[in-house]
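# Coordinate inspection notes
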Amino acid sequence: MSGRIRQFFRDKKDDIQDYTGGSGVIGKFILGLLLVYLLVAMVLGIYWSSEPDTFSVRDHTRTLASTMNREPVTGFATTATMIRIAETLLDKPGGYISNDLLLPGLWLDNMPNWEYGALVQLRDLSRAMRKDISRSQSQSAEDRDLTIAEPQFHFDSGSWAIPSTENEYRRGINALKRYLNRLSDPAQADAQFFARADNLNNWLADLETRLGSLSRTLSESVGKASVSDAVANLDPDDPLAEDTEGEDVKTPWTKIDDVFYEARGSAWALLHIFRAVEVDFRKVLQDKNAMASVKQIIIELEGTQASMWSPVILNGSGFGVLANHSLTMAAYLSRANAAISDMRDLLSRG
């Protein structure tokens, strides 16, 4: 049997040599080109997987306002930061990777998950801008440019062509730029940014659920009992009965790094957004004594962006020998979420 198998492969080898002229020169040339292509793709993949650096929101706001020859009015920092985040998604090394169909983008998964995490925060804030922050009351008309920007950022993140994701997001960026231009132009009074406590609180309520979900998913890297199953198994007639725990919920090992980089991308975007909130909502934050909460959130989000020295995402058992990067990220996000809860409580007080 083994002799037949060896003879089969010898025959196939002879067929290939006959097809390429017998000497195998063409085959070797093609193989060499393939190896070079894979090597270049591997190097590019490593370069494209590098995460964008953080930037100073205040410096960026001042520079952009000077370039536009405008005053940095209330709302300028937040809008400029949204534009910068969106442009970073498209213009970082390798560009936007989530919809790539060719190597090296096709085999990368960390950066597409990072992009998705940042994109979710951009989508949520663009919706809050359109729904609340740019309107004085529920009966007010929506801003004409924000009605374009918000659905553009909600376009399919994986569309390669007709239309491509990049083109749709560019339309959203251009709409934000038009809104910023009108907002900072004293001659145009139709663009508004209402830095009120209720508007900020509404966005924070959505963010609180986002971070809660991310923290839970990160914690499931080591397995956690299902709360819903445990509650369903309670005996209402016997409070002394032993609790019946549900099955452990654990993230598959192939998804550990996906969840981690999605959380890291979300935290990167949120870090800059909260730095902008600190600028545009300064008056209301001081009036509500909530500035300390914002500072605490920023400190925790800065911790999520520490340099990664490990080539892979480690998934230790929590108290074991190896580190667990997912639990470390979950700790930072949980503390940030706790500060957001305190901040919402302060903002809701009269």
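Residues numbered from 1 in each chain as written. Predicted model: local features only at pLDDT ≥ 70, side-chain atom pairs only at ≥ 80, totals over all residues. Heavy atoms only, no water.

## Considering the packing of aromatic side chains
Tallied over the full model, the rule gives 7 aromatic pairs. In textbook terms, an aromatic cluster arises when at least three aromatic residues are bridged by ring pairs, as seen for Phe55, Trp114 and Trp268. For the cation-ring pair, arginine 84 lies above phenylalanine 55, with the distance from its terminal atom to the ring centre recorded as 4.1 Å. (Phe/Tyr/Trp six-rings, centres within 6.5 Å; stacked < 30°, edge-to-face > 60°. Lys NZ or Arg CZ within 6 Å of the ring centre and 35° of its normal.)

## Here's the deal with the UniProt feature "transmembrane region" (unreviewed entry) in the chain
Taken from the UniProt record, the annotation "transmembrane region" (unreviewed entry) applies to residues 29–48. What you have in residues 29–48 is 100% helix and 0% strand, and the ends, taken at the C-alpha atoms, are 28 Å apart. (UniProt positions renumbered as here; feature names shortened; annotations may be inferred. Helix = DSSP H or I, 4+ residues; strand = E, 2+ residues; numbered from the N terminus.)

## Remarks on the side chain of asparagine 324
With respect to the helices, strands and loops of the structure, asparagine 324 is situated in the loop between helix H12 (291–303) and helix H13 (325–348). Judged by its relative accessible area of 6%, asparagine 324 falls in the buried class. Within the structure, asparagine 324 has its side chain in polar contact with the backbone nitrogen of serine 326 (distance 3.1 Å). In contact with asparagine 324, other than residues within four places in its own chain, are Ser221, Val222, Leu314, Asn315 and Gly316. (Buried < 20%, exposed > 50% of the residue type's maximum accessible area, 1.4 Å probe, protein only. Polar contact = N/O pair within 3.5 Å; in protein donor to acceptor, adjacent residues only side chain to side chain. Contact = heavy atoms within 4.5 Å.)

## Focus: the environment of arginine 62
Tracing the backbone shows arginine 62 in helix H3 (residues 57–68). Side chain to side chain, arginine 62 and aspartate 59 meet in a polar contact 2.6 Å long.

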